[in-house]
Amino acid sequence: MGREQLQVLDALDAAKTQLYHFTAIVIAGMGFFTDAYDLFSISLVTRLLGRIYYTDPSRPKPGTLPPSVSASVAGVALVGTLAGQLFFGWLGDKMGRKSVYGATLLLMIVCSLASGLSFGSTPTGVMATLCFFRFWLGFGIGGDYPLSATIMSEYANKKTRGAFIAAVFAMQGFGILTSGIVALVVSAAFDRAYGAPTYSENPIASTVPQADYIWRIIVMFGAVPAALTFYWRMKMPETARYTALVAKNAKQAAEDMARVLNVEIKAEDDKLEKLVVKRSHNYGLFSKEFLRRHGLHLLGTCSTWFLLDIAFYSQNLFQKDIYSAVGWIPRAENMNAVNEVYRIATAQTLIALWSTVPGYWFTVALIDVVGRFIIQLQGFFFMTVFMFAIAIPYEHWTRSENRIGFIIMYSLTFFFANFGPNATTFVVPAEIFPARLRSTCHGISAAAGKAGGIIGAFGFLYAAQPMDRTKTDEGYPPGIGVRYSLIVLGCVNALGLLFTFLVPEPNGKSLEELSGENEEDDEPETSV
């Protein structure tokens, strides 16, 4: 079984790390910065939305979003993201990565701004328009997953490909951190300018009219980083692997990469013709040959991402509820509306700073040293360990003298999620599938993850309610409580560890070696 490789692809694999690599990381990474900012900033303002639009001053506690509204606000962007991952993943293989790359960013910019301009004279009107625009925001975000991962993997060299793809994804950490910092700055400024009593002191005055601007400013800021990189994203050339192996234009691929790498590269049309005419290199997604070569791989990437995101989105979107449950954030009635935003933002910013951001960059530093498999395996393992360590003695952590210990343990679950499967589940699908199906398969894997995220977002909202009906949030049925919800998440993490064994190790191999696109294989392909 011989191997052939185009010179342009060899040049990319062997290229030294240079400026264009870092440029690509920043351009693609700012999309993920925006993605994370937009998806996670909503968790900072959901309680504020409840106070503004659903407070009844005659009640002892400030208003909260009704269960259906809260689930929709938190989860509708994830539904849009799932749809966008499938659609743009497929489109990226059909039309080219660059052709649709700008459209996803433009959609994010427009819908970020529109989300903050949600209109209506009633709570229903405001929430309906917010959910509408957040769905389409998610749709654009979804497209960025397969396109950014595929573009970076196809631009990268073989030696540091994992670090480059992980660095793009690591910008998520800065997006989460920035959402907290923006919320801190905005809420602090408004609290200073419009001081208000706590809800228990004066229910009506505790939410100043100007608080309606706070959530709008926070969600609209997500458009800024996306707008800053739009021009540069449109200037990026199409990847050589798509141009050569999918569009079958060796000359254009050689010209584009010769300009990028600043070296002379032969077009090699004859060699390309020999590669692309092989029947074994032209199998489709729904073929027996794909099932034989990559069926278990796709099952592995989908299942691990699905299981990860059940836990990851449960933790991220509802960490404010967990902080309240253990007493790190005061009871809602003991704060005014603006101060509550500040307290929630402080907690989420500290967690991001201590654990989320460092976890991502540990992965960047070590992924090409120890490999994707080991990082994913140990990540799931420690997520399981620390989740059970929090959940089983849960009553211990709710005591005031043990809160610091709880925060450390909870931070470690975030650290090992990001120095673990949250990064590797993004990296591996961009490496192991053929060029003509790479974006599609990454989109399918990512969509499986978002399906898990939707289960986490909607399920945890209800499951974490106390078993005592008198202690549940208004409008919610009794659940299994935070403790048992965390135990379930620990079991989910353990399943992720087992499914990791279906995922191959791509470290040190070219994309064509991993996908088999440079193999001489005369076996006939059978379609279904």
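A brief look at the structure comes next. Because the structure is a prediction, the values reported are computed rather than measured. (Residues numbered from 1 in each chain as written. Predicted model: local features only at pLDDT ≥ 70, side-chain atom pairs only at ≥ 80, totals over all residues. Heavy atoms only, no water.)

Further remarks concern the side chain of Ser439. By the secondary structure assignment, Ser439 is in helix α19 (residues 435–463). With relative accessibility at 0%, the residue Ser439 sits in the buried group. Filtering out sequence-adjacent residues up to four positions away, Ser439 remains in contact with Phe88, Gly89, Gly92, Asp93, Arg97, Pro146, Leu147 and Thr150. (Helix = DSSP H or I, 4+ residues; strand = E, 2+ residues; numbered from the N terminus. Buried < 20%, exposed > 50% of the residue type's maximum accessible area, 1.4 Å probe, protein only. Contact = heavy atoms within 4.5 Å.)

Considered as a void within the structure, the second largest pocket measures approximately 200 Å³ in volume. Counting only elements with at least two residues in the lining of the second largest pocket, the list comes to α2 (19–54) and α8 (223–235). No other element matches α2, which puts 4 residues into the lining of the second largest pocket. Of the residues contributing to the lining of the second largest pocket, the split by class is 8 nonpolar, 1 polar and 1 charged. (1 Å grid on protein atoms, 1.4 Å probe; cavity = no way out; pocket = protein on both sides within 12 Å on 5 of 7 lines; lining within 4 Å. Points joined across faces, edges and corners; volume = space filled by probe spheres on them. Nonpolar A, V, L, I, M, F, W, Y, C, P; charged D, E, K, R; others polar.)

One finds Tyr145 and Phe426 to be the most contacted residues of the largest nonpolar core, which totals 110 residues. Sequence-distant contacts of Phe426, that is, excluding residues within four places in its chain, are made with Phe32, Tyr145, Ala149, Ile165, Phe169, Trp305 and His442. By size, the runner-up hydrophobic cluster in this structure holds 34 residues, among which are Val69, Val73, Val126 and Val219. (Core = buried A, V, L, I, M, F, W, Y, C linked by side-chain atoms within 4.5 Å.)

Attention now moves to helix α3 (residues 67–95). Each full turn of the α-helix corresponds to 3.6 residues, which orients residues three or four apart in the same direction. Taking 1.5 Å of rise per residue, 29 residues should cover 42 Å, and α3 covers 41 Å from first to last C-alpha, within 8% of that figure. The largest bend in α3 amounts to roughly 40 degrees and is located at Gly75. Taken from the residues just after α3, Gly96 is the one with a positive phi, measuring 110 degrees. (Expected span 1.5 Å × (residues − 1). Bend = angle between axes of the 7 residues up to and from the residue.)

On to the packing of helix α5 (residues 123–155) against α19. In the contact formed by α5 and α19, the axes pass within 8 Å of each other and the chain directions differ by 135 degrees. What the angle tells us is that α5 and α19 run oblique. Every pair of crossing elements has a handedness; the one defined by α5 and α19 is right-handed. Facing α5, whose interface residues are Tyr145, Pro146, Leu147, Ala149, Thr150, Ser153 and Glu154, α19 presents Ala435, Arg438, Ser439, His442, Gly443, Ala446 and Lys450. (Axes fitted to C-alpha atoms, helices over the stretch in contact; angles between N-to-C directions. Parallel < 35°, antiparallel > 145°, perpendicular 65-115°, else oblique. Left-handed = near helix turned anticlockwise from the far one by under 90°.)

Before going further, it helps to examine the environment of Gly222. With respect to the helices and strands, Gly222 occurs in the loop between α7 (211–220) and α8. Overall, the relative accessible area of 0% leaves Gly222 in the buried class. Distance in space between the C-alpha atoms of Gly222 and Ile109 is 7.6 Å, their sequence separation being 113 residues. Apart from residues no more than four positions distant in its own chain, Gly222 is found in contact with Thr34, Tyr37, Asp38 and Ser112.

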